[in-house]
Amino acid sequence: MSEPIRRTVRLLLPALVLCALPFYLDAFWLRIGLFSMAAAIGAVGLGLLSGTAGQLSLGHAFFLAVGAYGYTWLAGEPGPALPPALAAVLAVLLAGAAGGLFSPVAGRVRGIYLGVATLALVFLGHHVLLTADSVTGGFNGRSVPPLTLGGFGFTADDPELVVLGVPFGAEERLWYLGLALFAFTWFTARGLLRGRPGRALAAVRDSETAAAVLGVNVARHRSAAFVVSSMYAGLAGVLLALSFRRVVPDYFGLALSVDYLAMIVIGGLGSVAGATAGAVFVTALPLLMTRYADQLPLVTAPGAGGEGAVGPTEAARYLYGAAIVLVLLYAPDGLHGLTRRVRARLRPAPPPDGAPAPRPPASPASPARAKEPTP
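This section reports on the structure supplied with the text. Predicted model only: the values in this text are computed from it and were never measured.

The rules we used
Residues numbered from 1 in each chain as written. Predicted model: local features only at pLDDT ≥ 70, side-chain atom pairs only at ≥ 80, totals over all residues. Heavy atoms only, no water. 1 Å grid on protein atoms, 1.4 Å probe; cavity = no way out; pocket = protein on both sides within 12 Å on 5 of 7 lines; lining within 4 Å. Points joined across faces, edges and corners; volume = space filled by probe spheres on them. Helix = DSSP H or I, 4+ residues; strand = E, 2+ residues; numbered from the N terminus. Nonpolar A, V, L, I, M, F, W, Y, C, P; charged D, E, K, R; others polar. Buried < 20%, exposed > 50% of the residue type's maximum accessible area, 1.4 Å probe, protein only. Contact = heavy atoms within 4.5 Å. Phe/Tyr/Trp six-rings, centres within 6.5 Å; stacked < 30°, edge-to-face > 60°. Lys NZ or Arg CZ within 6 Å of the ring centre and 35° of its normal.

## Overview of empty space enclosed by the protein
Rolled over the atoms, a probe with the dimensions of a water molecule shows which regions are left empty.
Reasoning step 1: All chains considered together, the criterion is met by one cavity of 30 Å³ or more.
Reasoning step 2: In this structure, the largest cavity spans a volume of roughly 40 Å³.
Reasoning step 3: Contributing to the lining of the largest cavity are V44, G47, L48, T52, L193, G270, S271, V272 and A275.
Reasoning step 4: Of all the secondary-structure elements, those providing two or more residues to the lining of the largest cavity are α2 (27-52) and α12 (272-291).
Reasoning step 5: For the lining of the largest cavity, the leading source of residues is α2, giving four residues.
Reasoning step 6: Here the lining of the largest cavity is composed, by residue class, of five nonpolar, four polar and no charged.

## Topic: helix α8 (residues 196-206)
Reasoning step 1: Turning to α8, its buried residues number three or more, namely G198, A200, L201, A202, A203 and V204.
Reasoning step 2: Contacts made by the buried residues of α8 are with α2, α7 (170-194), α9 (208-213) and α10 (218-244).

## Side note on the packing of aromatic side chains
Reasoning step 1: The tally for this structure, following the rule as stated, stands at nine aromatic pairs.
Reasoning step 2: Considering the side-chain rings of F63 and F226, the 5.6 Å spacing of their centres and the 80° angle between planes classify their relative orientation as edge-to-face. Taken as a pair, F63 in helix α3 (residues 60-75) and F226 in helix α10 lie far apart in primary sequence, 163 residues in all.
Reasoning step 3: Residue classification places F63 among the buried positions, given a relative accessible area of 2%.
Reasoning step 4: We classify F226 as buried; its relative accessible area is 1%.
Reasoning step 5: Here the aromatic rings of Y251 and F252 are separated by 5.2 Å at their centres, their planes lie at 90°, and the arrangement is edge-to-face.
Reasoning step 6: Among the residues examined, F252 registers a relative accessible area of 5% and is labelled buried.
Reasoning step 7: A connected cluster of aromatic rings, assembled from ring pairs, spans F35, Y69, F244, Y251 and F252.
Reasoning step 8: Just above the ring of F28 sits the side chain of R291; from NZ or CZ to the centre is 4.3 Å.

## Quick word on the layout of surface pockets
Reasoning step 1: In this structure, the largest pocket occupies an estimated 1,400 Å³ of space.
Reasoning step 2: If you trace the largest pocket, you find 36 residues lining it, with R10, L11, P14, W186 and A273 closest to the centre.
Reasoning step 3: Breaking the lining of the largest pocket down by element, the ones donating at least two residues are α1 (3-20), α2, α7, α12 and α14 (334-346).
Reasoning step 4: At ten residues, the largest contribution of residues to the lining of the largest pocket is made by α7.
Reasoning step 5: The wall of the second largest pocket is formed by 21 residues, among which Y251, D259, T283, P286 and R317 lie closest to the centre.
Reasoning step 6: Those elements giving two or more residues to the lining of the second largest pocket turn out to be α2, α10, α11 (254-267), α12 and α13 (312-330).
Reasoning step 7: The class makeup of the residues in the lining of the second largest pocket is 14 nonpolar, four polar and three charged.

Here it is as structure tokens:
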């Protein structure tokens, strides 16, 4: 099988499996998938910023909040009550504009100083979400208007839909929307990394002086990376809002930013596939532990209490905290690098340079016949 055909099969098989899952999974597993896809979109954006451009950001939760609340306000009442599809696009652009306003700082500050500067965004954003009641709903948050495209609603019964005998509710419909948005994120991010912008950002990360000598505008590329990352975070915020159906300020706190850093570290910095794997791991683990808490040792069900009890959310944080330590010690390039190394070990080694290629075994020679005497 040729390499292009092999690559096509590697892309088509997972896509077909993902498209078929809503016909077999219940709502709980579909919600896990939706939250994981939204987290993967945001993690890919943070991976571009931190893994490729080398900029530490602790403010990713702020831009997710801009996308989520931007869509909720633009499409709802009180608010302009715009068409939901237009509101979603404008919310992503609004997150990019917020990143653009902060980009001069990102273009001139780096390392821990940029991390502290972006940390201020989270606290400022959380304060605004609590106090701007007319826009955000205050502490109790706001209900999220459902998305409609061309008269088709991504809700349970608008209109009622049955496909191959399976009723398609909100989760099933949003699943395909999430798949489309994630596919868009995947291909645009990979194209960006493999093109000139990705090479320029990698050069800036490795050495700003060398990148400047090569003609790369360091400040402009770092600012652009921040804006693009903010737009991906805004898109993730829109999908999260549609999946949760209600947005509250406490969700978009510092813990969410730390979760996104954990995603890209566990998955592998600078890798789209690694960011996706880390996002699925960090997002799905607490949800699975919550569901199966009564079957796990040392973990109690939510609300059960008890002295020394560990809830599923805390237990999940302990586990992926330990995963971060193990990754940093034994696999600094994350799950993506570990998978690549395992795949390389399983692949047969090529012959060394200059060595003759192995020849097929020769067929056994027929027995020699006695030479007849010359007359």
